[in-house]
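Residue-level listing of the chains:
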Amino acid sequence: MDIFYRPSVIRLLRVRGIVLILTGSVLLCFVVNLMPETTEISTAMKDQTLEYFLSQGKIGVNDAADIQWAHAANSRTKMTEALQSSAHMIEADILLRGHDPKEPIMAHPPENDSDISLRDWLKAVQASDKGIKLDFKSLQAVAPSMALLDGVRSELSGPVWINADILPGPGGKATPLDPKDFVEAAVTPVSHGDVLSLGWTTGWASDTDNPGYSWEMVREMEAVCQPLRQSVTFPVRAALMAQSFPQLQWLLQQSDRYSLTVWTGQTDVLDVEDLLTYRKHIDKTRIYYDLLDTQRAKLGALPGF
Ligand SMILES: *[C@@H]1O[C@H](CO)[C@@H](O)[C@H](O)[C@H]1NC(C)=O
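Residues numbered from 1 in each chain as written. Predicted model: local features only at pLDDT ≥ 70, side-chain atom pairs only at ≥ 80, totals over all residues. Heavy atoms only, no water.

Section: the side chain of Asp194
Our working definition: Here a strand is any run of E in DSSP of at least two residues, a helix any run of H or I of at least four, and the numbering for each starts at the N terminus. Partly exposed describes any residue whose relative accessible area lies between the buried limit of under 20% and the exposed limit of over 50%, with all areas from a 1.4 Å probe on protein chains only and scaled to the type maximum. Here a polar contact is taken to be a pair of N or O atoms separated by no more than 3.5 Å, where protein atoms must pair a possible hydrogen donor with a possible acceptor and residues adjacent in sequence count only if both atoms sit in side chains. Working rule for contacts: check all heavy atoms of both residues, and any pair within 4.5 Å makes them a contact.
Tracing the backbone through its elements, the reader meets Asp194 in the loop between helix H6 (179-186) and strand E6 (195-201). For Asp194, a relative accessible area of 2% puts it in the buried group. Here the side chain of Asp194 touches Arg153 through a polar contact of 2.8 Å, side chain to side chain. In this structure Asp194 touches Met146, Leu149, Arg153, Val160, Ile162, Gln230 and Ser231, once residues within four positions along its chain are discounted.

Points about the pattern of salt bridges
Here is the rule: For salt bridges, the criterion is a side-chain nitrogen of Lys or Arg within 4 Å of an Asp or Glu carboxyl oxygen.
All told, the structure shown has 16 salt bridges when counted by the stated rule. Measuring nitrogen to oxygen at the nearest pair gives 3.7 Å for the salt bridge that ties Lys133 to Asp290. With Lys133 in strand E4 (residues 131-136) and Asp290 in strand E9 (residues 287-290), this residue pair connects regions lying 157 residues apart in the sequence. Judged by relative accessible area, Lys133 falls into the buried class, the value being 3%. Salt bridges sharing partners connect three or more residues here, namely Arg76, Asp120 and Lys123.

So, the nonpolar core
The cut-off we apply is this: To qualify as a nonpolar core, a set must consist of buried Ala, Val, Leu, Ile, Met, Phe, Trp, Tyr and Cys residues joined through side-chain atoms within 4.5 Å.
Core analysis: the largest hydrophobic core is formed by 66 residues, its most contacted members being Trp121, Leu134, Phe136, Ile162, Phe182 and Trp200. What Trp200 contacts, discounting residues up to four positions off in sequence, is Asp165, Leu167, Pro168, Gly169, Tyr213, Met217, Val218, Met221, Phe234, Pro235, Val236 and Leu251. If you look at the next biggest cluster of nonpolar residues, it comprises 11 residues, including Tyr52, Ile67, Trp69 and Val195.

Here's the deal with the packing of helix H4 (residues 118-126) against helix H5 (residues 142-152)
The test is simple: An axis is simply a line fitted to the C-alpha atoms; with a helix, the fit covers only the stretch in contact. Between two such axes, the angle follows the N-to-C directions and lies from 0 to 180 degrees. Reported orientations rely on four angle classes, namely roughly parallel under 35 degrees, roughly antiparallel over 145, roughly perpendicular from 65 to 115, and oblique for the rest. Definitions for this section: a left-handed crossing has its near helix turned counterclockwise from the far helix by less than a right angle. A right-handed crossing has that turn clockwise. Only Asp, Glu, Lys and Arg are considered charged, only Ala, Val, Leu, Ile, Met, Phe, Trp, Tyr, Cys and Pro nonpolar, and every remaining residue, Gly among them, polar.
Packing of H4 against H5 leaves a shortest axis separation of 10 Å and a crossing angle of 30°. Of the possible angle classes, the one that applies to H4 and H5 is roughly parallel. As for the relative orientation of H4 and H5, their crossing is right-handed in sense. Taken together, the residues of H5 that come into contact with H4 (itself represented by Leu118, Arg119, Leu122 and Gln126) are Ser145, Leu148, Leu149 and Val152. Looking at the contact of H4 with H5, its residues break down into 5 nonpolar, 2 polar and 1 charged.

Notes on the packing of aromatic side chains
Geometry of an aromatic ring pair is reported as the spacing of the ring centres plus the angle between the planes. Rules: In this scheme Phe, Tyr and Trp rings, the latter by its six-membered ring, pair at centre separations within 6.5 Å, and the angle between planes marks the pair as stacked below 30 degrees, edge-to-face above 60, and tilted otherwise. Whether a charge sits over a ring depends on NZ of Lys or CZ of Arg being within 6 Å of the ring centre and within 35 degrees of the ring normal.
Going through the model one piece at a time under the given rule, you end up with 11 aromatic pairs. Seen from their ring centres, Phe234 and Tyr258 are 5.1 Å apart, and the 75° between their planes marks the pair as edge-to-face. Here Tyr258 lies in strand E8 (residues 258-263) and Phe234 lies in strand E7 (residues 231-237), a separation of 24 residues in the sequence. For the pair Phe234 and Tyr258, one class covers both residues: buried. Feature note: the residues Trp200, Tyr213, Phe234 and Tyr258 constitute an aromatic cluster, connected by ring pairs. Stacked on the ring of Trp69, the Lys or Arg Lys133 has its end atom at 5.4 Å from the ring centre. Directly above the ring of Trp250 sits Arg219, whose terminal nitrogen or CZ lies 5.9 Å from the centroid.

Some details on unusual backbone geometry
Omega for the peptide link from Asp100 to Pro101 comes to -10°, which places this bond in the cis form. Turning to its location among the elements, Pro101 is positioned in the loop between strand E2 (89-96) and strand E3 (104-106). For the peptide bond that leads from Pro109 to Pro110, omega is 10°, which places it in the cis range. Positionally, Pro110 belongs in the loop between E3 and H4. We note that Ala72 has phi near 45°; this positive angle belongs to a residue other than glycine. Turning to its location among the elements, Ala72 is positioned in the loop between strand E1 (69-70) and helix H3 (76-84). By relative accessible area, Ala72 is classed as partly exposed at 32%. Notably, Asp207 is not glycine yet its phi reads approximately 60°, a positive angle. Mapping Asp207 onto the fold places it in the loop between E6 and helix H7 (215-225).

Distances and angles like these do not, on their own, reveal function.
As structure tokens, this is what we get:
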């Protein structure tokens, strides 16, 4: 027993104690340092769109190419058609009505009136299990629309996407909505589960070299989105993607909250086979294809889709 009282043993125990305390402190510092980051990661939202449609049995695999879209459901007739269609997501445009009552309505400029208000449109969606993509064409419409949306969130089962063009892009002539004002109005205390769909104004003309999305454009977009916690999808015009693939790939690499949504103009000349390249190089869960029905049919027939 007296071995424990030898001075050398006591010294050894003391040294061990000090080492333990030091190790403990270093570990504690580590944990405390990690804590804010851990909290940040847990509050950053993942896009739940695919999980939702998988859980509903509406898609069979975790593949964003399987999501179908109904476009411009901006009237009662078009909305009824969209609800009865096989589309998973219903897309509509929002403006403030040009005359009183100046409430949010479903319309695309240059229209200034509609036979359906956002309030009634949302009521129609509530009775369905579809997701929605609201495309804002005016900044003044955003805050009143988000208030209406927040009022019915508990009744909506599907995903909510909030879209606007917020930056000038390749060939873009329209004036984008101010990015800071749009994000401030679109992010509400209960909107963290929404997908923000943030795009560039664009243009495309036949028989000419159309420039793609520049490094400056994608960096500017990343600067807007980096501080956000919501998931973000970037709508990109199919006919401009080949010219901008390194830029778009870089943008996707900046956060796992980011995805792309490929769209196309009515008159764009597009070889759908080009899309196979992007499909090969981008994770299938991170690239949606919001195309015209004819292009969709061609795409579906390609091996690899
Ligand atoms: C709405 O559009 C109609 C038809 O294009 C036009 O005559 C009218 O002046 C517009 N109203 C407003 C308030 O902008």
